[in-house]
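# Examining the three-dimensional arrangement
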Amino acid sequence: MHLASIHDRLEDSTQENDQLAIALHLRQERINFIGILAAWITGLVGSALIIIFLANLLTIFQTGLGDTSWVQLMQGLLGALLLGSALKGSIAKLISTIDTAKSGKLRIFLIPLLIWPIFLIYRVQLSDFKSYIRRISEGSLVEWLGFVLFLGSSFLLFKVASEVRGPLVRFLTRAGGLGLFLLAMEEMSWGQMIFNWNSPAIMDQHNMQQETNLHNLSFLHYHTWTIAASVFTLLLIAALVGFLLRRNGTLRLGSVADLLLPIGYTASYFAIAAVMYWGVVLEKQGIDLVYFHTREQEIAEFLFAAGVFIHVVYLFLDLPISSLRAKQSSPQQTV
């Protein structure tokens, strides 16, 4: 009887080790997948910046008007750097390093805090402000990136929903995936931005911008800025709370709180998005802010999408581990 008990324990231990190895292998595969996805996005952004730079050069060459500014030159160089990094595989390697290195989370947190001052300097030095506004307004590369991040986040949540344990967490995961899909489609006016169709008559009557979306309907349009600014602020607070709970070890991996409270290093993304959107609210109320334009709300929305995507990637990578731990901790069935 004693030998049989030892044999059962050894067999259970072997099964747990095998399951852990499978989970870790799955996690590594997902890290590689995220690296490839990031490389594609980076390559597309780099290509777009290069195309914009070349288009500006072609316009100057054909018309003989204007000249190439240092800002445009820097855009072209940045595009070449991003595209080259994607093609060389540096982006995928960076993703792997960020996941494994102790300083990886700090790097993710610092990215917007380091880039924003550079953006402000760029903003102050602008000579062609109208061209800048066109590059960041609706239908611009910035909005397209937000759309891609929302759509990617939705896909990852739906993909991982079947792995979570508990009906409530599974429901919230799928609801989150659906909500992010709706956000993505709203961002592109449900395809109107891509296929350029005319809005249905009912939308023309009630949509303030004659677009096929809900957030510009007359009863919502003038409140969307305050709603968005409040959401970004709440997400900032939630990220700070999530950071404290995870640091104290009181937040269980794979729980409802783990799903709903963003990881701490998204706080910088939500913080800057909130600051910029509260600026939009003030501008809409007639308070003129120096070196700020309401069209820059698209940048804030992109930061919001980036913060959401980072949290979803965290769930995508770690939920299989949480599922395994929950399975191992559940009481063993005896015959």
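A brief structural summary.

## Section: the overall build of the chain
A count of helices and strands for the chain gives 14 helices and zero strands. By the burial criterion, 41% of the 335 residues in the chain qualify as buried. Taking the contacts inside the chain whose residues are at least 6 apart along the sequence as the reference set, 66% of them involve residues at least 24 apart. Carbon and sulfur atoms provide 68% of the accessible area of the chain, an area that totals close to 19,400 Å².

## Regarding helix α13 (residues 267-284)
The end-to-end C-alpha distance of α13 is 25 Å, a good match for the 26 Å that 18 residues give at a rise of 1.5 Å each. Taking burial as the measure, the 18 residues of α13 include 13 buried ones, the bulk of the element.

## Details of the packing of aromatic side chains
A complete count under the given rule lists seven aromatic pairs for this structure. Between Tyr222 and Trp225 the ring centres are 6.2 Å apart and the planes differ by 65 degrees, which places this aromatic pair in the edge-to-face class. Judged by relative accessible area, which is 51%, Tyr222 ranks as exposed. Three or more aromatic residues joined by ring pairs make a cluster, and in this case those are Phe150, Phe232, Phe270, Tyr277 and Phe304. Sitting over the face of the ring of Phe316, Arg30 holds its NZ or CZ atom 4.4 Å from the ring centroid.

## A word on the nonpolar core
Judged by nonpolar contacts, the single largest core of 58 residues is most densely connected at Tyr132, Leu156, Phe232, Met276, Tyr277, Ile299 and Phe304. For this core, the secondary-structure elements that each account for two or more residues are α1 (2-63), α4 (104-124), α5 (129-136), α6 (141-161), α7 (167-187), α11 (224-248), α13 and α14 (297-329). Excluding its chain neighbours within four sequence positions, the residues that come into contact with Leu156 are Phe33, Ile34, Phe309, Val312, Val313 and Phe316.

## Structural notes on α11
For α11, which comprises 25 residues, the first-to-last C-alpha distance of 36 Å matches the rise-based estimate of 36 Å (1.5 Å per residue) to within 8%. Within the span of α11, buried status applies to Thr224, Trp225, Ala228, Ala229, Phe232, Leu235, Ala238, Ala239 and Gly242. Just past α11, the residue Gly249 takes up positive phi, approximately 75 degrees.

## Section: the pattern of salt bridges
If the charged atoms of two oppositely charged side chains come close together, the side chains can form a pair. Within the structure shown, the criterion is met by one salt bridge. With a shortest N-O distance of 3.0 Å, Arg246 and Asp258 are connected by a salt bridge. With Arg246 in helix α11 and Asp258 in helix α12 (residues 256-260), this pair connects stretches of sequence that are twelve residues apart. Here Arg246 falls in the partly exposed class, since its relative accessible area comes to 23%. The class of Asp258 is buried, set by a relative accessible area of 1%.

## Thoughts on the packing of α6 against α7
In a pair of packed helices, the angle between the axes and the distance between the axes together describe the arrangement. In the contact formed by α6 and α7, the axes pass within 8 Å of each other and the chain directions differ by 160 degrees. Here α7 runs roughly antiparallel to α6, going by the angle between their axes. The handedness of the crossing between α6 and α7 comes out as left-handed. Of the residues in α7, those touching α6 at Glu143, Phe147, Phe150, Leu151, Ser153, Ser154, Leu157, Phe158, Val160 and Ala161 are Arg170, Thr173, Arg174, Gly176, Gly177, Leu178, Leu180, Phe181, Leu183, Ala184, Met185 and Glu187. Taken together, the residues of the contact of α6 with α7 break down into 13 nonpolar, five polar and four charged.

## Here's the deal with a nonpolar patch on the surface
On the surface, Leu151, Phe158, Leu178, Phe181, Leu182, Trp190 and Trp197 cluster together into a nonpolar patch covering about 600 Å² of accessible area. Of all elements in the fold, only α6 and α7 reach the threshold of two or more residues within the nonpolar patch. Residue position: Phe158 is located in helix α6. Assessed through its relative accessible area of 40%, Phe158 is described here as partly exposed.

## Some remarks on the packing of α4 against α13
At a minimum axis distance of 7 Å, the contact between α4 and α13 shows a crossing angle of 35 degrees. In contact with Ile108, Phe109, Ile111, Pro112, Leu113 and Trp116 of α4, α13 contributes Ala267, Ser268, Tyr269, Ile272, Val275 and Met276. Tallied by class, residues from the contact of α4 with α13 come to eleven nonpolar, one polar and no charged.

## A short note on the environment of Asn32
Residue placement: Asn32 occurs in helix α1. In this structure the C-alpha to C-alpha distance between Asn32 and Ala92, which are 60 residues apart in sequence, comes to 7.1 Å.

Cut-offs applied
Residues numbered from 1 in each chain as written. Predicted model: local features only at pLDDT ≥ 70, side-chain atom pairs only at ≥ 80, totals over all residues. Heavy atoms only, no water. Helix = DSSP H or I, 4+ residues; strand = E, 2+ residues; numbered from the N terminus. Buried < 20%, exposed > 50% of the residue type's maximum accessible area, 1.4 Å probe, protein only. Contact = heavy atoms within 4.5 Å. Areas by Shrake-Rupley, 256 points an atom, 1.4 Å probe, with all protein chains shown as cover. Expected span 1.5 Å × (residues − 1). Phe/Tyr/Trp six-rings, centres within 6.5 Å; stacked < 30°, edge-to-face > 60°. Lys NZ or Arg CZ within 6 Å of the ring centre and 35° of its normal. Core = buried A, V, L, I, M, F, W, Y, C linked by side-chain atoms within 4.5 Å. Salt bridge = Lys/Arg side-chain N within 4 Å of Asp/Glu carboxyl O. Axes fitted to C-alpha atoms, helices over the stretch in contact; angles between N-to-C directions. Parallel < 35°, antiparallel > 145°, perpendicular 65-115°, else oblique. Left-handed = near helix turned anticlockwise from the far one by under 90°. Nonpolar A, V, L, I, M, F, W, Y, C, P; charged D, E, K, R; others polar. Patch = residues over 30% accessible without salt bridge, like charges linked within 9 Å, V, L, I, M, F, W, Y side chains within 5 Å.

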